[in-house]
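Per-entry structural report
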Amino acid sequence: MKLLTSFLAVTALSLAASVFAQEESPSPTPSDEEKTSATVETTPEATKSPSTAEETTTASPVAEKREQQPSATGSPGAKKTAAEPKKAAAEAGTKPGKKMSVEATIKDNETRWEAAIASHDVATIEGMVASDFMGVSAKGKFVNKSSLMSEQKADKDTYKSAKLEKMNVRSFDKDLVVVTGSAREKGTGKDGTSFDRTYLYTDTWVQRNGQWQCVASQVALRGQK
C-alpha cells in the first residue's frame, strides 16, 4: 500500500513538472519559409516599385499630346482649308476685270486727260504724255512735253465743267491709234470772267511696253462764248 502511494506521488510530480516546462518555454517562431509565404500573401499591389506605379497612374507624354490635339474638324489645317475659298473670292474681287479693248482704253485715257485739265492734275497728264511728245497747243504754239506741262501748270482758270462731246478712235496698227474729237469747257478765268469754250483736237497714241502714250497732239479753239 505504501508502495502504490509513492508511485502515484511520483507520477503526479512528473506531470506537474511537464506542464510547468510547457508554460515556461517560448512559443515557436515561424520558419523562414513560412515568413516568405506570409509576406507574399499579404503584399498588396499598391506596394509596387515607384517606376511600376508611375507607369500605371501617369499617362505618357505622347498620349497627352494626342488627347490635346483638336479633332479633324477643328484642327488649324481644317480651318485654313475652310477659309481658302473666302480668301480666293476676296482676291478675285480685287483683281481687274476683263482686259479692256484698245478702243476702250484710249477713250478712257482721253476722258481722264480732260478731267485732269479741270482739276489741274498735272501729274496724270504727265503720265500719259511720251517723253518724245511733240504737238501744237490751243494757243497756237509748238510744244514738247516740257512746254506742254508748263502750260498746264500756268493754267489758273476755275472749271465748272469739262467734258468730251465727240470722239472718234481709229487704229492703224495694233500699237498705233489716232483720235479726233471735240471738248467743251465752262468756268471762270483768273480775272473772274466766265468762259464757254469748244476745242477740236487730234491725238496720236502709241503703245510702248504695254503702255499707251500720247506722242503727238494738235488742239484748236473752235469757239468761245
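Above this text sits the structure in question.
The shown structure was predicted, so the numbers you read here are calculated from the model rather than taken from an experiment.

Rules and cut-offs
Residues numbered from 1 in each chain as written. Predicted model: local features only at pLDDT ≥ 70, side-chain atom pairs only at ≥ 80, totals over all residues. Heavy atoms only, no water. Helix = DSSP H or I, 4+ residues; strand = E, 2+ residues; numbered from the N terminus. Buried < 20%, exposed > 50% of the residue type's maximum accessible area, 1.4 Å probe, protein only. Contact = heavy atoms within 4.5 Å. Areas by Shrake-Rupley, 256 points an atom, 1.4 Å probe, with all protein chains shown as cover. Patch = residues over 30% accessible without salt bridge, like charges linked within 9 Å, V, L, I, M, F, W, Y side chains within 5 Å. Salt bridge = Lys/Arg side-chain N within 4 Å of Asp/Glu carboxyl O. Lys, Arg positive; Asp, Glu negative; His and termini not counted. Charge placed at Lys NZ, Arg CZ, Asp CG, Glu CD. Pairing = 2+ DSSP bridges. Polar contact = N/O pair within 3.5 Å; in protein donor to acceptor, adjacent residues only side chain to side chain.

1. Here's the deal with the overall build of the protein
Per the secondary structure count, the protein includes eight helices and six strands. For the protein, the α and β elements follow one another from N to C terminus as α-α-α-α-α-α-α-β-β-α-β-β-β-β. A burial count over the protein gives 21% of its 225 residues as buried. Once local pairs closer than 6 in sequence are excluded, the contacts in the protein between residues at least 24 apart make up 51%. Of the roughly 16,800 Å² of accessible surface on the protein, a fraction of 56% belongs to carbon and sulfur atoms.

2. Describing a positive patch on the surface
Together, K139, K141, K156 and K190 give the surface a local cluster of positive charge. Among the secondary structure elements, K190 is positioned in the loop between β4 (176–188) and β5 (194–208). Classification of K190 by relative accessible area gives exposed; the value is 74%.

3. Quick notes on the pairing of β5
As paired strands, β4 and β5 are joined by 13 bridges and run antiparallel to one another. Looking across to β5, one finds that T180 is bridged to T202. In sequence, β4 turns back onto β5 through a hairpin of five residues, with G192 there showing a positive phi of about 90 degrees. Relative to strand β6 (residues 211–224), β5 is paired through 12 bridges, and the arrangement is antiparallel. Across the sheet, residue D203 finds its bridge partner in β6, namely S217.

4. Structural notes on the side chain of D196
Within the secondary structure, D196 is located in strand β5. Of the residues examined, D196 reaches a relative accessible area of 13% and is grouped as buried. At 2.7 Å, the side chain of D196 forms a polar contact with the side chain of R184. Sequence-distant contacts of D196, defined by excluding residues within four places in its chain, comprise R184, E185, K186, G223, Q224 and K225.

5. Overview of the environment of G135
Along the chain, the position of G135 falls in strand β1 (residues 129–136). Not counting residues within four places of it along the chain, the set of residues in contact with G135 comprises K141, F142, V143 and S217.

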